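# Chains, contacts and geometry: an overview
Each chain, written out:
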Amino acid sequence: MHPFLGRLGGAAAALLLGVGVLVGGPASAAAGVTRAAAAAVPPVTGELKAYNVDGIYSAGVSSGGYMATQLHVAYSGTFDGSAAFASGPQYCAQNDLGKALNACMEVYQDLQLATLKQTTANWSAQGVIDDAAGLSGDPVYVFSGSGDSTVERPVSTALNDYYRHFGANVLYNKSTTAGHAWISPLGPNACTVTANPWINNCGIDAEREFLGHLLGSVSAPAADPGGSLIRFDQNRYAPGGAAKPISMDEKGFVYVPTSCANGAACKVVVTLHGCKQGYSYQGFGTQFIDKAYLNEYADTNNLIVLYPQAIATTTLDNPNGCWNWWGYLGDPDYARHGGRQIETIMGMVKALGGTGSTTPPTGTVTLPSVDAEDGYIKAAGDGSGPAVGTLEETSGLALGRGADGKFNRTLLSFDTGAVPSGKEITRAWVTLTRSSGSGDPWAGPAGNRILVDVHTGCLGGCTVETADWAAAATAAGTAEIGPFASGSKASGDLSAAGLSAINRSGRTQIRLRFEQNQTATAYLFVNKDTQATLTVEYR
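Keep in mind the model is a prediction, meaning the values are calculated, not measured.

## Some points on the sheet that holds strand β6 (residues 182-183)
The 3 strands are arranged β6-β8-β7 in an open sheet whose pairing can be described as parallel. Each edge of the open sheet carries a strand with a single partner, namely β6 and β7 (189-190). Bridging between β7 and strand β8 (residues 199-201) involves 2 bridges; their strand directions are parallel. Pairing of Asn 189 across the sheet is with Asn 200, part of β8.

See the structure below:
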């Protein structure tokens, strides 16, 4: 996502093509802390090898900031802390391009921080990320410049709030006028600029600040890096031995100080560039590596700096070489264990001598519905003339007979790929929250019931369609929801057929409908302000 390019016609095109107008004035020197750039360390071809590693951290900017957080949260048993410039909370995009653009960069939409926190708790309970308790006490650095209009201040503030919710020790720098960039005394751009190479001098030593917070304290940097910059083959760590299919370069880099090469105890800092800053992106080369001002600190503080590299795709999936933080190239696991880029980077960390652990799953997960895919459909009693309901935002999702004489059915989507594979689902139920209503839709005819239909995958498309009113579900009438006039109500347990219909690799859709058509106007609205949930128990 970093340098996120320009708005090129439409929202989707904008994010797919890099996103964000990165227009800046000419580069100029910034006041304050400034260092003359040392001669770049020429890379030498080599391999990753194991060192005496006693700590692992992540750091990154923009898309690299999102990936740094994803690594830390997914593998908190391995990573001891993280630093993120110009990015937002874990799983912010929720595998949704629109959310990435409109909630996680600019703030036209609510980024649903409560949902993101709950997702982390759920994933932790399942074991698809490490135990979230591992984040407690970890040092985290968050940076946001007031001049950043690509990832706006509320997004970084949400990252600060997210980490604090899980007990992390957060240092939040929001004191500068920085544009969208990595901040370094070697930055060739003035602080407020958002332009190539997206490395700005804001008159501060941000590396001293964030490394000091992560490590407790740091020694002054070396005047000139004296270690080795090793160019290694990333293919050997990628799925199937091929990095390009997951939008990663064939070559990555690691900076190793002489002290670490000679056996000193050293920490690893996995450092992730932003979009358009990768080595192979239009001749960008090692600018990020040379000007990030980390190699200088590495020499005097026993730090190995790993610089994984992303590349552009030849398709519109990721043509600016961003790290995967919104689920491109069809990777639904991009922010958790099994994510293709995450696992590739973890392979590199382990090759350097880093170790970690994962937490085995427990037995229950509560999944919020996918709000963007929820909706309701109304039709005549025989199913004719179906239409998608339009009152979700103002009233909620409708069930029962409306004032127009049409009968409403509600459709809910759940990401049940989060349920651990290899586990037997033993119980599941749906919970709704009533928003408003009219009459008693359970009373006329007497004994009416809301039935729960379960479908493996999506009934048609995953967003609501008119055909969803009558489409055949994988398992029909698998549970019922009794009358309730206010508050929340859980369904009965899904039947065996309903449990079998839960999709273990993606979406499960649930349709709610009254068993009998009401004889007069009587309806309820649900989930206006509170999403439905699907609770799944397994063993």
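## Re the environment of Asp 290
Inspection of the secondary structure puts Asp 290 in helix α8 (residues 287-291). In this structure the C-alpha to C-alpha distance between Asp 290 and Pro 42, which are 248 residues apart in sequence, comes to 9.7 Å. Residues within four places of Asp 290 in sequence aside, it is in contact with Ala 40, Val 41, Leu 186 and Glu 296.

## Quick notes on empty space enclosed by the protein
Under the counting rule described, the total for this entry stands at 4 cavities of 30 Å³ or more. Here the largest cavity defines a volume of roughly 240 Å³. Contributing to the lining of the largest cavity are 18 residues, with Tyr 91, Gln 94, Pro 368, Val 370 and Asp 415 lying nearest its centre. For the lining of the largest cavity, the elements supplying multiple residues, two or more each, are α4 (113-126) and β13 (364-368). The element best represented in the lining of the largest cavity is α4, accounting for 4 residues. Tallied by class, residues from the lining of the largest cavity come to 6 nonpolar, 8 polar and 4 charged.

## A word on the environment of Gly 477
Residue placement: Gly 477 occurs in strand β20 (residues 475-481). Considering only alpha carbons, one finds Gly 477 and Gly 55, 422 residues apart in sequence, at a separation of 53 Å. Leaving out residues up to four positions away in the same chain, Gly 477 has contacts with Leu 451, Val 452, Asp 453 and Arg 513.

## A look at the packing of helix α2 (residues 63-74) against helix α5 (residues 153-165)
Contact pair α2 / α5: the axes reach a minimum separation of 13 Å and the direction vectors enclose 10°. Taken together, the axes of α2 and α5 are roughly parallel relative to one another. In this structure, α2 contributes Tyr 66, Thr 69, His 72 and Val 73 to the contact, and α5 contributes Val 155, Leu 159, Tyr 162 and Tyr 163.

## Regarding the pairing of strand β22 (residues 507-514)
The buried fraction of β22 amounts to 8 of the 8 residues, a majority that puts the element mostly inside the structure. Neither face of β22 is open: one carries Arg 507, Gln 509, Arg 511 and Arg 513, the other Thr 508, Ile 510, Leu 512 and Phe 514, and all of them are buried. Here 6 bridges tie strand β17 (residues 407-415) to β22, and the two strands are oriented antiparallel to one another. Bridging across to β22, Asp 415 finds its partner in Arg 507. As defined by bridge partners, strand β19 (residues 450-456) adjoins β22 across 7 bridges and the pair is classed as antiparallel. Opposite Ile 450, over in β22, you have Phe 514 as the bridge partner.

## So, the sheet that holds strand β3 (residues 82-85)
The strand order across the open sheet built from 9 strands is β1-β9-β10-β12-β11-β2-β3-β4-β5, with neighbouring strands paired in mixed fashion. Both edges of this open sheet fall to β1 (43-45) and β5 (169-173), since each of them pairs with a single strand only. When the angles between neighbouring strand axes are averaged without regard to direction, this sheet yields 20°. Bridging between β1 and strand β9 (residues 228-233) involves 3 bridges; their strand directions are parallel. In the strand pairing of β9, Pro 43 is matched with Leu 229. Packed on one face of the sheet, α5 meets β3, β4 (139-143) and β5 and runs near 165° to β5. Running at roughly 155° to β4, helix α6 (residues 206-215) makes contact with β2 (53-61), β3, β4, β5, β11 (266-272) and β12 (303-307) of the sheet.

## Here's the deal with the layout of surface pockets
In this model, the largest pocket occupies a volume close to 590 Å³. As for the largest pocket, its lining consists of 25 residues, of which Gln 112, Asp 371, Lys 528, Asp 529 and Gln 531 are closest to the centre. Looking at the lining of the largest pocket, the elements that each hand over two or more residues are α3 (97-102), α4 and β13. Residue classes in the lining of the largest pocket are distributed as 6 nonpolar, 11 polar and 8 charged. Volume-wise, the second largest pocket comes out at about 170 Å³. As for the second largest pocket, its lining consists of Tyr 376, Lys 378, Gly 389, Thr 390, Leu 391, Ala 398, Gly 402, Ala 403, Asp 404, Asn 408, Tyr 523 and Phe 525. Sorting the residues of the lining of the second largest pocket by element identifies β14 (375-379) and β23 (522-526) as the ones contributing at least two each. Per-class residue counts for the lining of the second largest pocket are 6 nonpolar, 4 polar and 2 charged.

## A word on unusual backbone geometry
At the junction of Asn 196 and Pro 197, the peptide bond is cis and its omega measures out at 5° in the coordinates. Look at the link from Gly 444 to Pro 445: it is a cis peptide, with omega at 5°. Mapped onto the fold, Pro 445 is located in the loop between β18 (425-438) and β19. Residue Trp 198 is not a glycine yet carries a positive backbone phi of 60°.

Cut-offs applied
- Residues numbered from 1 in each chain as written.
- Predicted model: local features only at pLDDT ≥ 70, side-chain atom pairs only at ≥ 80, totals over all residues.
- Heavy atoms only, no water.
- Pairing = 2+ DSSP bridges.
- Helix = DSSP H or I, 4+ residues; strand = E, 2+ residues; numbered from the N terminus.
- Contact = heavy atoms within 4.5 Å.
- 1 Å grid on protein atoms, 1.4 Å probe; cavity = no way out; pocket = protein on both sides within 12 Å on 5 of 7 lines; lining within 4 Å.
- Points joined across faces, edges and corners; volume = space filled by probe spheres on them.
- Nonpolar A, V, L, I, M, F, W, Y, C, P; charged D, E, K, R; others polar.
- Axes fitted to C-alpha atoms, helices over the stretch in contact; angles between N-to-C directions.
- Parallel < 35°, antiparallel > 145°, perpendicular 65-115°, else oblique.
- Buried < 20%, exposed > 50% of the residue type's maximum accessible area, 1.4 Å probe, protein only.

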